[in-house]
Amino acid sequence: MSTSAAIVLVYAAGSWWWVNSGDDWYQRLEQPWWQPPDLVFGLIWPYNFAALVAAGVVVASHGTKTARLVWLVGLTGSVAAALVWARLFYVSHALWAAAIALVIAATVTTAIVGAAFATRTWAGAILVPYQVWLALAASLSIGYARLD
């Protein structure tokens, strides 16, 4: 298993664990008006995880040394910030701190999208929905914090 795939596996497992631990609480929150339907979440996350693994394989096998370093550091930082968000949001209910963590995750993700684009255009392109999703999720997280 590649390092990127292992990081994404930790991301998927950690996210699932913390999101499911706070689902009852989450269902009672007032939602921002731009909250997508639950079906969208179910469709986008498998795509995001698959895109991260695919782009990681491409960067690892075809990227320059710099692209590989940016990818691994950026992916690790983005995943760490996203997992901190999940813990803060669903377990600690620290909504503003969670929002900051997700803004950091979205910001750091721009580096991995850039590394993927620099390696193969299509590898960067498949990550654009993930980047957009993180930006939307960060805005939602801010929205939840403002409504609380």
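Scope of this entry: the structure provided in the associated data block.

Rules of the game
- Residues numbered from 1 in each chain as written.
- Predicted model: local features only at pLDDT ≥ 70, side-chain atom pairs only at ≥ 80, totals over all residues.
- Heavy atoms only, no water.
- Helix = DSSP H or I, 4+ residues; strand = E, 2+ residues; numbered from the N terminus.
- Rg over C-alpha atoms; globule rule 2.2 N^0.38 Å.
- Buried < 20%, exposed > 50% of the residue type's maximum accessible area, 1.4 Å probe, protein only.
- Contact = heavy atoms within 4.5 Å.
- Patch = residues over 30% accessible without salt bridge, like charges linked within 9 Å, V, L, I, M, F, W, Y side chains within 5 Å.
- Areas by Shrake-Rupley, 256 points an atom, 1.4 Å probe, with all protein chains shown as cover.
- Salt bridge = Lys/Arg side-chain N within 4 Å of Asp/Glu carboxyl O.
- Phe/Tyr/Trp six-rings, centres within 6.5 Å; stacked < 30°, edge-to-face > 60°.
- Polar contact = N/O pair within 3.5 Å; in protein donor to acceptor, adjacent residues only side chain to side chain.
- Core = buried A, V, L, I, M, F, W, Y, C linked by side-chain atoms within 4.5 Å.

Once that is clear, we can look at the overall build of the protein. Looking only at helices and strands, the protein has seven helices and zero strands in total. When the helices and strands of the protein are read in sequence order from the N terminus, they spell out α-α-α-α-α-α-α. What you see for the protein is a C-alpha radius of gyration of 15 Å, in line with the 15 Å of a compact globule of 148 residues. Seen through its C-alpha atoms, the protein measures out along the principal axes to roughly 45 × 25 × 25 Å. Counting only residues that meet the buried cut, the protein has 43% of its 148 residues in that class. Sequence separation of at least 24 residues holds for 77% of the intrachain contacts in the protein that already meet a minimum separation of 6.

A grouping of Trp96, Val103 and Ile142 is seen on the molecular surface, where their side chains present a nonpolar patch of about 260 Å² in accessible area. With respect to the helices and strands, the residue Ile142 is situated in helix α7 (residues 128-147). Judged by its relative accessible area of 30%, Ile142 is partly exposed.

Right, let's talk about the packing of aromatic side chains for a bit. Aromatic ring pairs are reported here in terms of the distance separating the ring centres and the angle at which the planes meet. Throughout the structure, instances matching the rule amount to 15 aromatic pairs. Between Trp25 and Tyr90 the ring centres are 6.5 Å apart and the planes differ by 80°, which places this aromatic pair in the edge-to-face class. Linking Trp25 in helix α2 (residues 23-28) with Tyr90 in helix α4 (residues 65-92), this pair joins segments that are 65 residues apart in sequence. With a centroid separation of 5.2 Å and an interplanar angle of 35°, the aromatic rings of Trp45 and Phe49 are classed as tilted. Of this pair, Trp45 and Phe49 both sit in helix α3 (residues 38-62), four residues apart, which is roughly one turn of the helix.

This part is about the side chain of Thr109. Its place among the elements puts Thr109 in helix α5 (residues 95-119). By relative accessible area, Thr109 is classed as buried at 0%. Beyond its immediate chain neighbours, meaning those up to four positions away, Thr109 contacts Ser78, Tyr130, Gln131 and Leu134.

The next thing to look at is the side chain of Ser15. Within the secondary structure, Ser15 is located in helix α1 (residues 3-21). Taking the relative accessible area as the measure of exposure, Ser15 reaches 17% and is therefore buried. Among the polar contacts made by the side chain of Ser15, one reaches the main-chain carbonyl oxygen of Tyr11 at a distance of 2.8 Å.

Tyr11, Leu52, Trp71, Leu75, Trp85, Phe89 and Leu127 are the most contacted members of the largest nonpolar core, which has 43 residues in total. Of all elements in the fold, only α1, α2, α3, α4, α5 and α7 reach the threshold of two or more residues within this core. Looking at this core element by element, the count peaks at 11 residues for α4. The contacts of Leu75, once residues within four sequence positions are left out, are Ser4, Ile7, Val8, Leu52, Val70 and Ile112.

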